[in-house]
Amino acid sequence: MNNKSCCNPRGGHSAVPATAQITAKNAVITFDVADIPGGVATVGTNRPLIPIDEESPYRTQEIQPFQMMTTTVTNEMFAAFVADTGFITEAERLGWSFVFYKHLAESSQPTQAVVGSQWWRKVEGANWRLINGPGSEADYLPDHPVVQVSWNDAMAFADWAGGRLPTEAEWEHAARGGLGDVMFPWGNREPDDSDYQPCNIWQGEFPKSNACADGYDATAPARSFDCNNYGLYNMCGNVWEWSSGRIKITGRSKESRQYAKHYKGCKLLKGGSYLCHKSYCFRYRIAARSGTTPDSTTTHQGFRLVFS
């Protein structure tokens, strides 16, 4: 397995989401939030599949009750924020962002590949409105997760909305939906490339061919597939989600020290994305972890907020 970074359980769901509202100068946003109970949260696993990421040990942490958006922030929500504040994202200020090579617009100019991850291309003009660069206007869908947003952009939205990004313990506690030490929000059955697709990930041979057995070649609507027992959608797959903290690698081995240096100053991401596949990036698991710099923007990173 390559270690590079790259929903309702069968029993049914009875939680009724609450409706929250942001009233701003130029917009009113209505969205659903789920009540997440406090208590003893479980974090990590004693069965790590990518040990260098320090998915282990399994541990507990006391947390207070909070509310979490049932979906990631959508393009429609982010557009309301921009309309109200005039906010300019980091990708817009820089003038470029990273795009997956198979999603480049037909009219795109020659692009520069990322060394070691050639499927990522530096595309001039790519941002949250033009997700895959100039000529990709049709890829912007109001009910899909906003992407091409950095950690800093997410923090600005959170400040405007009166919320915050979740901690790792809060995110995992919410994703587990009261099921305890499970791999996925729906339990332990793994998605596959044929008949079981409970989330939006890659099916086929990454990065060459995606069979799209789950119905999506890129992002799915923020509210899609089954929710978990707390009423949360797409806690694994679809888009990586920014958390509030840094990713810390504390091991003392030579490999761990090198990994820690690689992640120095990086913010923690949880949940995996539509580009994850077990053969390459088996990080669409609750305990899995990744990270990148707070100014990084790509087509598979988004976020959701929590409210204390």
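Residues numbered from 1 in each chain as written. Predicted model: local features only at pLDDT ≥ 70, side-chain atom pairs only at ≥ 80, totals over all residues. Heavy atoms only, no water.

**Brief notes about the nonpolar core**
- In this structure, Phe 31, Val 73, Phe 78, Phe 157, Trp 160, Phe 303 and Leu 305 are the most contacted members of the largest nonpolar core, which totals 48 residues.
- No other element matches the six residues that helix α3 (residues 151–161) contributes to this core.
- Among all residues touching Phe 303, those that are not within four sequence positions of it are Thr 72, Val 73, Phe 78, Val 146, Val 149, Ala 154, Phe 157, Leu 165, Trp 240, Glu 241 and Trp 242.
- Val 43, Ile 63, Ala 175 and Ile 286 belong to the second-largest nonpolar core, a separate cluster that totals 18 residues. (Core = buried A, V, L, I, M, F, W, Y, C linked by side-chain atoms within 4.5 Å. Buried < 20%, exposed > 50% of the residue type's maximum accessible area, 1.4 Å probe, protein only. Helix = DSSP H or I, 4+ residues; strand = E, 2+ residues; numbered from the N terminus. Contact = heavy atoms within 4.5 Å.)

**Structural notes on the pairing of strand β5 (residues 66–69)**
- Relative to β5, strand β2 (residues 28–36) runs antiparallel, the two sharing four bridges. Residue pairing across strands places Asp 35 opposite Gln 67, the latter belonging to β5.
- The pairing of β5 with strand β15 (residues 306–307) spans two bridges and is classified as antiparallel. Bridging across to β15, Gln 67 finds its partner in Phe 307. (Pairing = 2+ DSSP bridges.)

**Details of the sheet that holds strand β7 (residues 112–114)**
- If you walk across this open sheet you meet the three strands as β6-β8-β7, and the pairing is antiparallel. Of all strands in the sheet, those with a lone pairing partner are β6 (96–100) and β7, marking the two edges. Within this sheet the neighbouring strands show an average axis-to-axis angle of 40 degrees, counted without direction. (Axes fitted to C-alpha atoms, helices over the stretch in contact; angles between N-to-C directions.)

**Quick word on the environment of Lys 248**
- Tracing the backbone through its elements, the reader meets Lys 248 in the loop between β11 (240–246) and α5 (254–262).
- Counting along the chain gives 33 residues from Lys 248 to Cys 281, while the straight-line C-alpha distance between them is 19 Å.
- Apart from residues lying up to four places away in sequence, Lys 248 is in contact with Glu 54 and Arg 289.

**Some words on the sheet that holds strand β12 (residues 267–270)**
- In spatial order, the strands read β13-β12-β11-β14; together these four strands make up an open sheet with mixed pairing. For this open sheet the edge positions go to β13 (290–292) and β14 (301–302), each flanked by a neighbour on one side alone.
- Sheet topology note: the β11/β14 ladder contains two bridges and is parallel. Across the sheet, residue Glu 241 finds its bridge partner in β14, namely Gly 302.

**Here's the deal with the side chain of His 173**
- With respect to the helices and strands, the residue His 173 is situated in helix α4 (residues 168–176).
- Here His 173 falls in the buried class, since its relative accessible area comes to 10%.
- Leaving out residues up to four positions away in the same chain, His 173 has contacts with Ile 36, Pro 37, Val 40, Ala 41, Thr 42, Ile 63, Phe 66 and Tyr 230.

**Focus on helix α1 (residues 75–85)**
- Burial in α1 covers these residues: Asn 75, Met 77, Phe 78, Ala 80, Phe 81, Val 82 and Asp 84.
- Of the surrounding elements, those touching the buried residues of α1 are β2, β5 and α3.
- Taken from the residues just after α1, Gly 86 is the one with a positive phi, measuring 75 degrees.

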